[in-house]
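# A structural walkthrough
Below are the chains, spelled out letter by letter.
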Amino acid sequence: MALPLTYNWRNLFVRKLSTSLTFAVVTIIVAVLSILLSFAAGINESLRSTGNPANIIVLRTGATAESTSIINQAEANRVLQAPNIAQDANGRAMVSQELCAQTTLPRKDVRGIANVAVRGVDDIAFILHKEVRLTEGRMFEPGKLEVIVGKAAQERYQHLGMGEVVPMGRSGDREYKVVGVFESNGSAMESEIWAARTNIMDSFRRQFVSSVVVQVKDASLAREAVGYIQGPAVRLKAKTETEYYEDLTSKTREIVILTSVLITLMGIGAVFAVANTMYAAVDSRRREIAMLRTIGFLRRSIITAFVLESLFICMSACLCGLVVAALVSGMIAKQDFLSDTTWTVLAYDLKMTPWTIGVALALAASVGVIGGLAPALRASRTRIIEALRKA
């Protein structure tokens, strides 16, 4: 015979202070965990949606990102000899030489400045990066100080509105006019500013490129081309675009791991808070428990009842924590993250995913069961005669 759920629910409000404190602890843990996972999901989604498995990105050996890579023209020309390179409709090799620089811009909604990536490209880059498409304005014209800007960058930083002027160059003395806005399916490229490569080379006084992007005929042929480029004929570093952007998530993984350790410690504290609340409940209800046993309720019913009370506290706190995390995510959705690999900002949105909700529910349920089990076992072992006498 099982106790009715209304019995468990009503008992939560008998010890309002201890129940409220336990509720608050679990709520805070769930909210922090959910915001952390939303942060990681937002960055990972932005990076994973970037790149084409048929595209190979070539960097200087030893470089960790485009921003730290220097490839001279002779080296870039040797990349053209790689096998399985695709051609466009005009018979041109699908090879894009690109120069990556940075410019500093003030943020829109908060104080501070950001290192925004500037990418100098030729017209063939728009064939290799098919996900990049203009949504407003027009394409920049080679020879003119004009740029197109990513949608995410425009939303977060000043001076990137249509018709506005962006100060760029080695001394910040070149004024580029914004003539277009582009999207790229939410990828990392939406955090960038694009302009003609020759103009960027001149403005930043750089006579080299940062990377060479090569598109092979089929993604299955990428390994052979990568091996050739890294071999003695070229001696440069190469990997597929998808692998390159996935590697940039390593910092995010480190943050998640370190914060998860903190969450684990907080979770252990929550287990003790739940156990303390339930032990207090057991001590104050010994006579009641004895009466329940006297009228026929089994020990397993008593155990189930106290574990359910613990779960009621934790699961209701979990729902509250998820609501808090969703509200915070909504208020600070549009964020940017400074990568210590590229030294430029990556714009992202906090993403509350089903995985985040599932992990939060699992955490709260674990805290509830672990914290409530020991007090429940103690309650089930209450000696009926002794408890009634003391009462």
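## A closer look at empty space enclosed by the protein
Applying the stated criterion to the full structure yields two cavities of 30 Å³ or more. Reported here for the second largest cavity is a volume of approximately 40 Å³. In terms of lining residues, the second largest cavity is bounded by Val26, Ile29, Val30, Ala270, Leu363, Ala364 and Val367. Looking at the lining of the second largest cavity, the elements with two or more residues in it are α2 (16–48) and α12 (354–380). Across the lining of the second largest cavity, the residue classes break down as seven nonpolar, no polar and no charged.

## Thoughts on the pairing of strand β2 (residues 95–106)
Burial analysis of β2 places nine of its 12 residues in the buried class, the great majority of the element. Looking at chain direction, β2 and strand β9 (residues 211–215) are connected through four bridges and run antiparallel. Bridge assignment links serine 96 to a residue of β9, and that residue is valine 213. Here β2 runs beside strand β3 (residues 113–121); their pairing, made up of eight bridges, is antiparallel. Along β3, the bridge assignment pairs glutamine 102 with alanine 117. Counting the residues that bridge the hairpin from β2 to β3 gives six residues, and of these glycine 112 lies at a positive phi of roughly 120°.

## Thoughts on unusual backbone geometry
Positive phi values are uncommon outside glycine, yet asparagine 84 reaches one of about 65°. Note on placement: asparagine 84 falls in the loop between α3 (73–79) and β2. Here the phi dihedral of arginine 235 falls at roughly 60°; this positive angle occurs in a residue that is not glycine. Looking at where arginine 235 falls in the secondary structure, it is placed in the loop between α7 (222–230) and β10 (237–240).

## Some points on the environment of glutamate 183
Relative to the helices and strands, glutamate 183 resides in strand β7 (residues 174–183). Spatially, the C-alpha atom of glutamate 183 lies 7.6 Å from that of glutamate 131, the residues being 52 residues apart in sequence. If we skip the residues at most four places from it in the chain, glutamate 183 touches Glu131, Val132, Arg133, Thr135, Lys151 and Glu190. A polar side-chain atom of glutamate 183 sits 3.5 Å from a polar atom in the side chain of lysine 151.

## Considerations on the nonpolar core
Among the nonpolar cores identified, the biggest contains 22 residues, and Val26, Val30, Cys314, Cys318 and Val367 are the most heavily contacted of them. Every element with two or more residues in this core is listed here: α2, α9 (250–284), α11 (299–331) and α12. With eight residues, α11 is the single largest residue contributor to this core. If near-sequence neighbours (up to four positions away) are discounted, valine 26 is found in contact with Ala270, Cys314 and Ala317. With 21 residues, the next largest nonpolar core counts Leu99, Ala101, Ala153 and Met168 among its residues.

## Description of the packing of aromatic side chains
One pass over the structure, following the stated rule, counts three aromatic pairs. Considering the side-chain rings of phenylalanine 126 and phenylalanine 140, the 6.1 Å spacing of their centres and the 50° angle between planes classify their relative orientation as tilted. Of this pair, phenylalanine 126 sits in helix α4 (residues 125–128) while phenylalanine 140 is found in the loop between β4 (133–137) and β5 (146–150), placing the two residues 14 residues apart along the sequence. The buried category is assigned to phenylalanine 126, whose relative accessible area is 18%. On the basis of relative accessible area, phenylalanine 140 is assigned to the buried category, the value being 7%.

## Focus on the side chain of serine 203
Looking at the element boundaries, serine 203 is found in helix α6 (residues 197–203). Within the structure, serine 203 has its side chain in polar contact with the side chain of arginine 174 (distance 3.5 Å). Discounting residues that sit within four places of it in the chain, serine 203 has contacts with Gly169, Arg170, Arg174 and Tyr176.

## Concerning α7
Buried within α7 we find Ala222, Ala225, Val226 and Ile229. In an axial view of α7, the angular spread of the buried residues amounts to 100°, which keeps them on one side of the axis. In this structure, the buried residues of α7 make contact with β1 (55–59), α3 and β10.

Rules used throughout
- Residues numbered from 1 in each chain as written.
- Predicted model: local features only at pLDDT ≥ 70, side-chain atom pairs only at ≥ 80, totals over all residues.
- Heavy atoms only, no water.
- 1 Å grid on protein atoms, 1.4 Å probe; cavity = no way out; pocket = protein on both sides within 12 Å on 5 of 7 lines; lining within 4 Å.
- Points joined across faces, edges and corners; volume = space filled by probe spheres on them.
- Helix = DSSP H or I, 4+ residues; strand = E, 2+ residues; numbered from the N terminus.
- Nonpolar A, V, L, I, M, F, W, Y, C, P; charged D, E, K, R; others polar.
- Buried < 20%, exposed > 50% of the residue type's maximum accessible area, 1.4 Å probe, protein only.
- Pairing = 2+ DSSP bridges.
- Contact = heavy atoms within 4.5 Å.
- Polar contact = N/O pair within 3.5 Å; in protein donor to acceptor, adjacent residues only side chain to side chain.
- Core = buried A, V, L, I, M, F, W, Y, C linked by side-chain atoms within 4.5 Å.
- Phe/Tyr/Trp six-rings, centres within 6.5 Å; stacked < 30°, edge-to-face > 60°.
- Arc of directions from axis to C-beta.

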